[in-house]
Structure formats: structure tokens, C-alpha cells
Amino acid sequence: MGALRKSQDALDDIVPYDPKYLPAKILLSANENPCSVPSVVEEEIIAGMKGFAFNRYPDPLANELRDLIAERENRALAARGSKFALTRDNVLVGNAGDELLFDFALAWGGPGRTLLNVVPTFSVYAANAELTGTRVVSLPRKADYSLDEQAILDRVSKGDIDQVVITSPNNPTGDVVSEDFMVRLLNATDALVMLDEAYVEFAEGSLVRLVEEHENLLVLRTFSKAFSCAGVRLGYILAQPSVITEFIKVRQPYSVDAVSQLIGRAVVRNSDAFTPGIEAIKAQRAVVIEELRSLSDIMDVYDSHANFVLVRMPDAGEVWQKLYERGILVRDFSRSRGLEGCLRLTIGTKEENQALLEALRDILAD
Ligand SMILES: *Cc1c(COP(=O)(O)O)cnc(C)c1O
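Residues numbered from 1 in each chain as written. Predicted model: local features only at pLDDT ≥ 70, side-chain atom pairs only at ≥ 80, totals over all residues. Heavy atoms only, no water.

## Thoughts on the site of the ligand
For the record, the criterion: Throughout this document, a residue counts as near a molecule or strand when at least one of its heavy atoms sits within 4 Å of that molecule or strand. Polar contacts here mean pairs of N or O atoms no more than 3.5 Å apart (in protein, one a potential hydrogen donor and the other a potential acceptor; neighbouring residues in sequence count only if both atoms are side-chain atoms). Here a helix means four or more residues in a row that DSSP labels H or I, a strand means two or more in a row labelled E, and each is numbered from the N terminus. Ten residue types, Ala, Val, Leu, Ile, Met, Phe, Trp, Tyr, Cys and Pro, are classed as nonpolar, four, Asp, Glu, Lys and Arg, as charged, and the remainder, Gly among them, as polar.
Taken together, 14 residues surround the ligand, and among them D196, Y199, T222, S224 and K225 come closest. Between the ligand and K225, the relevant distance is 3.1 Å, taken from an oxygen atom to a side-chain nitrogen or oxygen of the residue. If one sorts the elements of the shell around the ligand by residue count, helix α3 (residues 96-108) sits on top with three residues. The residue makeup of the shell around the ligand, split by class, is five nonpolar, five polar and four charged.

The structure is reproduced here in C-alpha cells:
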């Protein structure tokens with residue numbers, strides 16, 4: 001025999017997600033934190049691993065971690081003067097943002113349903129829509145990459161949109177959405193709006209308080225960026241219980257393993273220990289942006305509220321290659337639609353950033 005019936009037709013045109021990860025001395029392509037977890041977190045994890053019950057299935061919903069996440073959010077809300085308080089029923093933990101984005105496509109997408117995607121943005125949203133047979137309506141950002149607010153409001157008012165993603169700060173453009181626009185959008189539609197806050201710790205604050213009055217809002221967070229855990233696979237959503245319940249129906253029951261739950265608890269309990277590292281990245285972001293702007297007038301440098309900076313220049317693909325030859329990996333978007341000529345530079349340690357700036361100075365002077 002040895003014959004194989006072909007896979008479903010929908011897979012014919014699908015190209016697997018490629019993070020374009022290559023070995024390099026200096027990794028500035030994936031928006032990871034340049035440092036691993038603080039030692040207080042590492043010690044708590046190591047202590048928790050001693051005598052660990054690997055033989056037991058994990059708590060399917062990671063309830064202890066849900067409680068800790070809700071408490072941390074409530075402290076942040078109270079510090080802003082908000083009386084809104086979350087409980088575990090407002091939180092769902094997933095196998096990183098990726099799983100929750102897939103659940104979003106399964107629960108609110110599907111055949112006969114429509115996603116409104118604001119491009120350019122994270123490519124995973126459209127890929128998940130394609131996999132689940134969801135129609136995608138792509139609305140372009142303005143020439144400076146800011147949101148075309150009126151176009152989004154006009155489009156949802158047609159009434160055929162089931163789900164919307166707004167990414168703030170947006171990947172790869174680095175801009176943030178205003179609270180005023182989010183409120184107008186949430187009031188203009190009954191579609192489920194995902195506010196992807198994967199990079200919010202590098203920005204000026206979350207809009208999670210809007211969950212209190214808007215059942216159609218879902219906030220996505222990840223442990224992969226500010227919290228140094230890209231290798232662990234942990235993320236969560238914050239929403240009203242009516243939304244969480246639907247996600248629980250489509251998720252894989254044991255997607256968050258017991259070791260990840262333990263690591264997640266150590267991270268959330270000690271989240272203040274990450275603050276100096278996050279502040280250092282924000283300070284370095286200002287240095288990198290300023291130096292990039294003085295480096296060359298052929299380069300456009302976009303403002304950023306995240307841990308990366310988008311730049312646009314002629315021959316970006318060639319510049320990418322020359323950086324790689326010097327051991328520096330950045331993300332090449334030069335052939336991506338709407339991002340022609342663009343590279344995305346993750347903010348690393350001071351030393352890594354200086355190496356990047358020096359290499360760029362050399363390459364652009366050639
Ligand atoms: C990195 C990222 C995520 C989540 O990544 P995970 O590692 O799967 O948690 C979600 N949204 C955006 C925009 C991202 O850049």
C-alpha cells in the first residue's frame with residue numbers, strides 16, 4: 001500500500017507560520033526580553049520543582065494562577081482609582097497568546113463568520129482565520145501606520161463583523177490605541193473585540209478597566225515579552241465571564257501544563273521584580289530611537305510604545321543581510337505587504353543595542 005489520502009482542501013494554500021528564527025550572536029528579531037527571569041523568580045521555581053508531582057494531570061483551568069492574575073490586575077486598577085475588581089471568572093490562562101488567539105478564531109470565527117483585521121499587524125490573526133474558514137476583511141492603517149478610526153467605525157456599522165482585533169501597542173508598528181476610540185468602537189458594534197496587549201507593560205497602561213462596562217471586550221496578555229517567559233508558553237485573557245465560558249468550550253482541557261502553572265505563579269507573585277528590567281528596556285528604546293534618527297536621513301524611524309522599533313529605508317533587505325553577516329538578527333519585513341522597506345529592531349541590552357547601532361552606522365556609510 002503506502003498510499004495517503006490528501007489532507008483537507010483548506011490546507012492547500014496554507015503556509016506554516018515561520019518566525020524566521022536563525023542562529024545569531026545577537027538576537028533582536030522576536031521581541032523577547034533580553035534577560036531571563038530575575039533570580040527571585042528562578043529560586044522560587046527551583047524550590048517548587050523539588051519533589052514535583054509530574055505523574056499528575058494539571059489543574060485544567062489553572063485556578064490558583066487565575067486568582068493571582070486577578071489580584072495583580074486589581075492592584076493595578078485600584079492604583080488608577082478604579083473600583084472595578086476581577087475574579088478568576090474574568091481570567092482564562094492559555095498555552096501562551098497563540099493558543100488563546102486560536103481559541104478566539106474557533107469560538108467567534110468559523111465558516112460564515114467575519115474577522116475585521118487592521119493591517120499591517122501580527123500575522124497570526126489572519127492565519128487562524130484562514131485555518132478556521134473565517135472570512136477576513138482587511139482594513140489598512142493610514143500611511144503613518146496610525147489607526148484609520150473612521151474607516152473602522154464605518155466598517156463595523158455594516159453589521160456583518162463577528163470579531164475584531166485591535167493590537168496596542170501594535171506589532172510591528174509600535175503605536176497605541178486611544179481609550180476614547182476603544183469606547184467608541186465597543187459602543188458601535190456587538191462583535192467581540194480583542195484588544196491584544198502583548199506589549200502593554202512597555203506602554204503607558206492597560207485599558208482593561210473597559211471590561212467592566214463592555215461585554216464585547218476581551219484583553220489578551222502574554223508572559224512571553226516583558227515577563228521573560230517566551231520559552232514557557234503562558235498567556236491569558238481578561239473578559240466578562242460570558243466570554244470566558246465560550247473560550248472554555250473550545251480550549252484544550254490540559255493545554256497549560258503543571259510546570260508552566262508553577263512558573264506562572266512565581267512570575268505573577270514576583271512581578272514587581274521585573275519592573276527594573278522593563279524600565280531599562282524603555283530607557284534603551286528612547287536611546288535607540290534618538291540615535292537611529294541621527295544616524296541617517298535616509299531612514300524613517302517610527303515612534304514606539306513597545307520593546308521594538310520599526311524602521312524603513314531603501315534596500316532594507318540588503319541591510320538585513322549585512323547585519324546578519326555581523327551576527328545580528330533583526331526581523332525583515334521588507335517584502336511584507338504594507339511594510340515594504342521595513343525592518344523591526346527588538347530593544348536588547350545596552351550592549352546589544354550599541355552593537356546594532358554601530359553595525360548600522362557602518363553599513364549605511366558604505
Ligand atoms: C508575541 C505576541 C503575542 C503572543 O505571543 P505568545 O508567545 O504566543 O504569547 C500576541 N500578540 C502579539 C501582537 C505578539 O507580538
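What follows continues from the structure just given.
## Some details on the packing of helix α5 (residues 149-156) against helix α6 (residues 179-188)
To be explicit about the condition: Only C-alpha atoms enter the line fits that serve as axes; for helices the fit covers just the stretch in contact. Angles between N-to-C directions range over 0 to 180 degrees. Angles below 35 degrees are treated as roughly parallel, those above 145 as roughly antiparallel, those between 65 and 115 as roughly perpendicular, and all remaining angles as oblique. What makes a crossing left-handed is the near helix being turned counterclockwise from the far one by less than a right angle; a clockwise turn instead makes it right-handed. Residues are treated as being in contact if the distance between any of their heavy atoms lies within 4.5 Å.
Put simply, α5 and α6 touch, their axes get as near as 9 Å, and they point 10° apart. Classed by the angle they form, the pair α5 and α6 counts as roughly parallel. Regarding α5 and α6, the two cross each other, and that crossing is right-handed. Within the contact between the two elements, α5 uses E149, I152, L153 and V156 and α6 uses F181, R184, L185 and A188. Of the residues in the contact of α5 with α6, the class split is six nonpolar, no polar and two charged.

## Concerning the environment of I26
For the record, the criterion: Classification of residues uses two cut-offs on accessible area relative to the type maximum, computed with a 1.4 Å probe and protein chains only: under 20% is buried, over 50% is exposed, and between them is partly exposed.
Turning to its location among the elements, I26 is positioned in strand β1 (residues 26-28). You can call I26 buried: its relative accessible area is 11%. Setting aside chain neighbours within four positions, we find I26 in contact with G327, I328, L329, E352 and A355.

## Considering the pattern of salt bridges
Formally: The salt bridge definition used is simple: a Lys or Arg side-chain nitrogen within 4 Å of an Asp or Glu carboxyl oxygen.
Per the stated rule, a full pass over the model turns up 22 salt bridges. A salt bridge links D98 to R233; the nearest nitrogen and oxygen atoms lie 3.3 Å apart. With D98 in helix α3 and R233 in the loop between β7 (217-222) and β8 (235-239), this pair connects stretches of sequence that are 135 residues apart. For D98, a relative accessible area of 36% gives the class partly exposed. For R233, a relative accessible area of 26% gives the class partly exposed. Several salt bridges converge on common partners, so that one network encompasses R72, E73, E197 and R221.

## Focus: the packing of helix α1 (residues 39-49) against helix α8 (residues 258-269)
In the contact formed by α1 and α8, the axes pass within 9 Å of each other and the chain directions differ by 145°. Note on packing geometry: the crossing formed by α1 with α8 is right-handed. Touching V41, E44, I45, G48 and M49 of α1 are V259, L262, I263, A266, V267 and R269, all from α8. For the contact of α1 with α8, the residue count by class is eight nonpolar, one polar and two charged.

## Let's talk about the environment of L65
The topology assignment puts L65 in helix α2 (residues 63-79). Here L65 falls in the buried class, since its relative accessible area comes to 0%. A C-alpha to C-alpha distance of 43 Å links L65 and A359, two positions 294 residues apart in sequence. Those residues in contact with L65 that sit more than four places away from it in its chain are V93, L234, Q261, G264, R265 and V268.

## Here's the deal with unusual backbone geometry
For the bond running from V119 to P120, omega is 0°, close enough to zero to count as cis. With respect to the secondary-structure elements, P120 resides in the loop between β3 (114-119) and α4 (124-131). Between N171 and P172 the backbone carries a cis peptide bond, its omega angle lying at 15°. Tracing the chain through its elements places P172 in the loop between β5 (163-167) and α6. One non-glycine residue, N31, lies in the positive phi region at around 60°. By the element assignment, N31 lies in the loop between β1 and α1. With relative accessibility at 0%, the residue N31 sits in the buried group. The phi angle at R233 is positive, at roughly 75°, despite the residue not being glycine.

## Considerations on the sheet that holds strand β9 (residues 300-301)
For clarity, the cut-off: One requirement defines pairing of two strands: DSSP has to find at least two bridges between them.
Spatially, five strands are ordered β1-β11-β12-β10-β9 in an open sheet, and the strand pairing comes out mixed. Looking at strand neighbours, the two that pair on one side only are β1 and β9, the edges of this open sheet. Examined bridge by bridge, strand β11 (residues 328-332) and strand β12 (residues 342-346) share two bridges and lie antiparallel to one another. Note on β12: the bridge partner recorded for D332 is L343. Contacts from helix α10 (residues 316-325) reach β11 and β12, with the element oriented near 155° to β11.

## A closer look at the sheet that holds strand β2 (residues 91-94)
Strand order in this open sheet of seven strands is β2-β8-β7-β6-β5-β3-β4, and the pairing throughout is mixed. Strands at the two margins of the open sheet, each flanked by one partner only, are β2 and β4 (135-140). Shown here is a sheet whose adjacent strand axes are inclined to one another by a mean of 20°, direction ignored. Relative to β8, β2 runs antiparallel, the two being bridged by four bridges. Note that in β8 the partner of V93 across the bridge is Y236. Of the strands in this sheet, β2, β7 and β8 are in contact with α2, which crosses β2 at around 125°. Packing of helix α7 (residues 241-250) onto the sheet brings it into contact with β2, β6 (192-196), β7 and β8, and relative to β8 it is tilted by some 140°.

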